[in-house]
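# Structure assessment
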Amino acid sequence: MATPHIESEKSDIAKVVIMPGDPRRVEYIAKNYLNDYKLINEVRGELGFTGYYRGVRVTVFSSGMGIPSMGIYSQELFSEYDVDTIIRIGSAGSYSEELNVNDLYLALSSYSENNYAFEYDGNKLNLVESSKDINDLIEKTSKEINVSLKKGVVHSTGAFYTENFDMEKINREHGCKCVEMETFSLFYNAKKLGKKASAILTISDSFVTGEKLSSEEREKNFNDMMKLALESVVNLEHQE
């Protein structure tokens, strides 16, 4: 089978998918963490690999950038490939002194001014929660492997470059500690389709201090986040 954006057979894709935005990060995870992995998608340059981490089958698949791209890939994975759970791993910019560069942040919910929900099914919802049981599992795993994890609301924006931006207001009114561009459509699709989704984010930039990671550091130095996601998949498999 195939969709307009994925060339894989249904059997190529595991029930749990780890989803970075960057296809090069997908390739890095496959080569450095997975055994017996194989390339299962390269349509439009969005790479997917399926392999084994500590004996557990897992797929790593890139979402591309932005709410629309994540919306397409998560929709097709959930509805056409029978994926049960997607864990996004990505970068975010900090709005708060509480979050420093390289901190890990678990997105319990996503706030967005984007019209994704309205265009999807007429819903004017602008705050959507991630899956509590997956979040609980990730928090448990973080303690087991001694990885520090902060948590809260994330702001999912539809524009990377903007002149209409007030991070202090968004933080104050909606409790958003950081910003990225993908989680809202992932969480909304999971909610609509009866699936599970969560997101682990590494703070790559601080709008408070001005500190930021290089593109190479973003690609390769997110190993705590990668390991936490993979170990969470193992715990999910053993839990089931």
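Every value quoted in this text rests on a predicted model; they were computed, and no experiment measured them.

What follows covers the overall build of the chain. Scanning the chain from terminus to terminus reveals eight helices and 10 strands. For 240 residues, the compact-globule estimate of 2.2 N^0.38 gives 18 Å, and the C-alpha radius of gyration of the chain, at 17 Å, lies within 12% of that figure. In terms of principal-axis extent, the alpha carbons of the chain reach across some 45 × 40 × 30 Å. Per-residue burial for the chain yields a buried fraction of 55% across its 240 residues. A separation of at least 24 residues holds for 75% of the contacts in the chain among residues at least 6 apart in sequence. When the accessible area of the chain is evaluated, it comes to approximately 11200 Å², of which 44% is carbon and sulfur surface.

Here we take up helix H6 (residues 183–193). Here H6 lies mainly inside the structure; eight of its 11 residues are buried. For H6, every residue scored as buried is listed here: Thr183, Phe184, Ser185, Leu186, Phe187, Tyr188, Asn189 and Ala190.

With four bridges joining them, strand E2 (residues 35–41) and strand E3 (residues 48–53) adopt antiparallel strand pairing. Opposite Asn35, over in E3, you have Tyr52 as the bridge partner. Counting the residues that bridge the hairpin from E2 to E3 gives six residues, and of these Arg44 lies at a positive phi of roughly 55°.

What follows deals with the packing of helix H2 (residues 67–80) against H6. Packed helices, taken two at a time, are described by the angle between their axes plus the distance between the axes. Viewed as axis vectors pointing N to C, H2 and H6 meet at an angle of 30°, and their least axial separation amounts to 8 Å. By the angle between their axes, H2 is roughly parallel relative to H6. Classified by chirality, the crossing of H6 by H2 is right-handed. Taking contact as the criterion, the partners of Ile67, Met70, Gly71, Ser74, Gln75, Phe78 and Ser79 in H2 are, on H6, Phe184, Ser185, Leu186, Asn189, Ala190 and Leu193.

Take the environment of Lys151 next. Within the secondary structure layout, Lys151 lies in strand E8 (residues 150–156). Spatially, the C-alpha atom of Lys151 lies 12 Å from that of Ser94, the residues being 57 residues apart in sequence. Beyond its immediate sequence surroundings of up to four residues, Lys151 is in contact with Tyr105, Leu106, Leu108 and Glu139. Only 3.0 Å separates the side chain of Lys151 from the side chain of Glu139, close enough to count as a polar contact.

On inspection of all chains with the given rule, the structure shows 14 salt bridges. Among the salt bridges present, the one from Asp121 reaches Lys192, with a minimum N-O distance of 2.7 Å. With Asp121 in helix H3 (residues 116–121) and Lys192 in helix H6, this residue pair connects regions lying 71 residues apart in the sequence. We classify Asp121 as partly exposed; its relative accessible area is 33%. Its relative accessible area of 42% is what places Lys192 among the partly exposed residues. Where Lys140 meets Glu144, a salt bridge forms, and the shortest distance between an N and an O atom there is 2.6 Å. With Lys140 and Glu144 both in helix H4 (residues 132–144) and four residues apart, this pair spans about one turn of that helix. A residue is classified by how much of its surface remains accessible, and Lys140, at 44% relative accessible area, is partly exposed. For Glu144, a relative accessible area of 46% translates into the label partly exposed. Members of the salt-bridge network, linked through shared partners, are Arg88, Glu180 and Glu182.

As for its position among the elements, Glu182 is in the loop between strand E9 (176–180) and H6. The class of Glu182 is buried, set by a relative accessible area of 6%. Spatially, the C-alpha atom of Glu182 lies 14 Å from that of Leu106, the residues being 76 residues apart in sequence. Sequence-distant contacts of Glu182, that is, excluding residues within four places in its chain, are made with Ser63, Gly64, Met65, Gly66, Ile67, Met70, Arg88 and Ser156.

Cut-offs applied
Once a new chain begins, its residue numbering starts again from 1 and follows that chain's sequence as written. Where local features are concerned, this predicted model is filtered to residues with pLDDT of at least 70; where side-chain atom pairs are given and counted, the filter is 80 or more; whole-chain, interface and lining totals use all residues. Where side-chain values are given, they derive from all heavy atoms of the structure, hydrogens and water being excluded. In this text, helices come from DSSP runs of H or I with a minimum length of four residues, and strands from runs of E with a minimum of two, each type numbered from the N-terminal end. C-alpha atoms define the radius of gyration, and 2.2 Å times the number of residues to the power 0.38 defines the globule rule. A 1.4 Å probe rolled over the protein chains alone gives each residue an accessible area, and that area as a share of the maximum for its type sets the label: buried under 20%, exposed over 50%, partly exposed in between. A contact between two residues is defined here by any heavy atoms of the two lying within 4.5 Å. Each accessible area is a Shrake-Rupley result for a 1.4 Å probe, and residues are judged covered by the shown protein chains and nothing else. Only strands that DSSP links by at least two bridges are regarded as paired with each other. Axes, fitted as lines to C-alpha atoms, cover a helix only where it is in contact. Angles between the N-to-C directions of the axes lie from 0 to 180 degrees. Here the word oblique covers every angle except those under 35 degrees (roughly parallel), over 145 (roughly antiparallel) and from 65 to 115 (roughly perpendicular). Left-handed describes a crossing whose near helix is turned anticlockwise from the far helix through less than a right angle; right-handed describes the clockwise counterpart. Between N or O atoms, a polar contact is any pair within 3.5 Å; within protein, one atom must be a potential hydrogen donor and the other a potential acceptor, and residues adjacent in sequence are included only when both atoms are from side chains. Between Lys or Arg on one side and Asp or Glu on the other, a salt bridge is scored when a side-chain nitrogen of the former is within 4 Å of a carboxyl oxygen of the latter.

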